[in-house]
Amino acid sequence: MKLTRLRGFQDYLGADARALGMVEDCARAMAYRHALNEIRIPALERIELYERSSGETSDVVQKQLYRVPRASDSPGESDQALRPEGTPGVIRAYLEAGLDRGDPEQRFFYCGPMFRYERPQKGRLRQFNQFGVEIFGRADAACDAELIIMIDEFRRALGLEVRFEVNSLGDGQCRPAFRAALLEWGRAHHAELCADCHQRLEHNPLRLLDCKTDAALAQSAPSGGDYLCAPCRAHFATVERLLGVAGVPYVVNPRLVRGLDYYTRTTFEVISSAVGAQSASVAGGRYDGLVEALGGAAVAGTGFAIGVERTALALAADRHAAGGAPDAAIIAIGEAAIASAIELARELRAGGLRIELLSPDRAVKASFRRADRIGARHALILGDDELRAGVVLMRDLRASAQATLPRGEVAAALAAARG
Ligand code: HAM
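Residues numbered from 1 in each chain as written. Predicted model: local features only at pLDDT ≥ 70, side-chain atom pairs only at ≥ 80, totals over all residues. Heavy atoms only, no water.

## Observations regarding the domain arrangement of the protein
Next, step 1: Considered domain by domain, the protein is made up of domain 1 (15-174 + 228-319) and domain 2 (328-418).
Next, step 2: Look at where the C-alpha atoms of domain 1 and domain 2 centre, and you get two points 40 Å apart. (Domains from an automatic or database assignment.)

Laid out in structure tokens, this is it:
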């Protein structure tokens, strides 16, 4: 038999492996700036951990767990599974270290492979990597906003175009009424529901909103926003206000429910249309109550996970993303301009911009072709005239527009164009 990799498992070589590394490096830089601390946890845990957190009725536990036989030298041990996500294991480790009672406010990040027995397709693998963030002991809406702002910084650093979708699922006070309304609606539309929704109706009516088979029908279902209690409404209003102040573009999607059962209040997904059907490249939300449900103190929790492969796919598909593509290519024309162009490149790089200085031996037309091929957002042209006047000719290669700028203003203009 030929020894090949398993279905849904991938090899990454060369540039593809580098793309994953770049996403992870960028996420680590984000985690560092936000004062998060690394946590490393095992890939194998007791099955009950996932049943009690991800949700006994969730697809992840019902259909997607990679179950592993217990070791033969440990007959007393319970059944085990490869982790389908990082959140439950991080909470288990947090509890096992006694932090919920000793020092509850903790900010963690982790990175590593997760396993889900799913039907593989583009962007959906059976082994994939998540870069996750979990913050404990912060019940305030500012923390939810900070997480979304963090992701916005991350995607800006990569130059990725995405859409932020946010929603509030309410809490233990108001969700039962919403659940009951969905149940009633589902029963009234029973004949029109798909087979999966018949299951959802019994076990988790919120997921009726998630139906991919008949999205139009789901549109007529009750909307969670109408059922939020006053504290949940105020919490969500603060999240929205803070996102507005931070300039994070988002849409409220009242149909956004998550595939895992533990969420309360704020939930969000980051959609990269470049990825295709599996378009959520990052997802997360608040899970107050989960630490307690797993045996700990009543500590609030919130977090998200970046899908590393999906983000790399989005980078590869988004021709304009900065996944290796420079903010600008500098074209120096004439001997005198070369030294000045090197100096300009150094200044711009010191400000965190990605700059490629093109070979002065190329003809100007060929330089523009090169700038286009490497996906540079701008060309900066420095010739004798520009040198004398202390300016730079900046050409926006996407908009095909150009402007002459004082040299000192170029860095700010390039940074602003990152959007
Ligand atoms: P999730 O939405 O199940 O959330 O997964 C988060 C991200 O992991 C997805 O948006 C996607 O990018 C990636 N992902 C999930 N399944 C696959 C797959 N089969 N193939 C490739 N990528 C995949 C969670 O896992 C939560 N633990 C997130 C969280 C952390 N919530 C709070 N804290």
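## Remarks on unusual backbone geometry
Peptide bonds are trans in most cases, and residues, glycine excluded, mostly fall at negative phi.
Next, step 1: Phi at A35 is positive, roughly 55°, even though this residue is not glycine.
Next, step 2: Assessed through its relative accessible area of 51%, A35 is described here as exposed.
Next, step 3: Phi is positive for S400, which is not a glycine, with a value near 50°.
Next, step 4: Mapped onto the fold, S400 is located in the loop between strand 15 (391-396) and strand 16 (401-406). (Buried < 20%, exposed > 50% of the residue type's maximum accessible area, 1.4 Å probe, protein only. Helix = DSSP H or I, 4+ residues; strand = E, 2+ residues; numbered from the N terminus.)

## Thoughts on the packing of aromatic side chains
Next, step 1: What the rule picks out here adds up to nine aromatic pairs.
Next, step 2: Ring centres of F9 and Y66 lie 6.2 Å apart, and the angle between their planes is 80°; this geometry places the pair in the edge-to-face category. Separated by 57 residues along the polypeptide, F9 in the segment before helix 1 (14-33) and Y66 in strand 3 (residues 66-68) bring together distant segments of the chain.
Next, step 3: Owing to a relative accessible area of 16%, F9 belongs among the buried residues under this scheme. (Phe/Tyr/Trp six-rings, centres within 6.5 Å; stacked < 30°, edge-to-face > 60°.)

## Regarding the environment of A141
Next, step 1: Looking at the secondary structure, you find A141 in helix 6 (residues 141-158).
Next, step 2: Residue A141 is classed as buried on the basis of its relative accessible area, which comes to 8%.
Next, step 3: Between the C-alpha atom of A141 and that of V410, which follows or precedes it by 269 residues, the distance is 37 Å.
Next, step 4: Discounting chain neighbours no more than four positions away, the residues touching A141 are H235, T238, V239 and L242. (Contact = heavy atoms within 4.5 Å.)

## Concerning the site of the ligand
Next, step 1: Taken together, 26 residues lie around the ligand, and E85, T87, E118, R258 and Y263 are the ones closest in.
Next, step 2: In the environment of the ligand, an oxygen atom lies 2.9 Å from a nitrogen or oxygen atom belonging to the side chain of R116.
Next, step 3: Contacts to the ligand include E118, whose side-chain N or O atom sits 2.6 Å from a nitrogen atom.
Next, step 4: Protein contacts shield 96% of the accessible area of the ligand, which totals 660 Å² for the unbound molecule.
Next, step 5: Contributions of two or more residues to the shell around the ligand are made by strand 6 (127-136), strand 10 (280-286) and strand 11 (301-307).
Next, step 6: At six residues, the largest contribution of residues to the shell around the ligand is made by strand 10.
Next, step 7: Of the residues belonging to the shell around the ligand, the class tally is eleven nonpolar, eight polar and seven charged. (Near = heavy atom within 4 Å. Polar contact = N/O pair within 3.5 Å; in protein donor to acceptor, adjacent residues only side chain to side chain. Areas by Shrake-Rupley, 256 points an atom, 1.4 Å probe, with all protein chains shown as cover. Nonpolar A, V, L, I, M, F, W, Y, C, P; charged D, E, K, R; others polar.)

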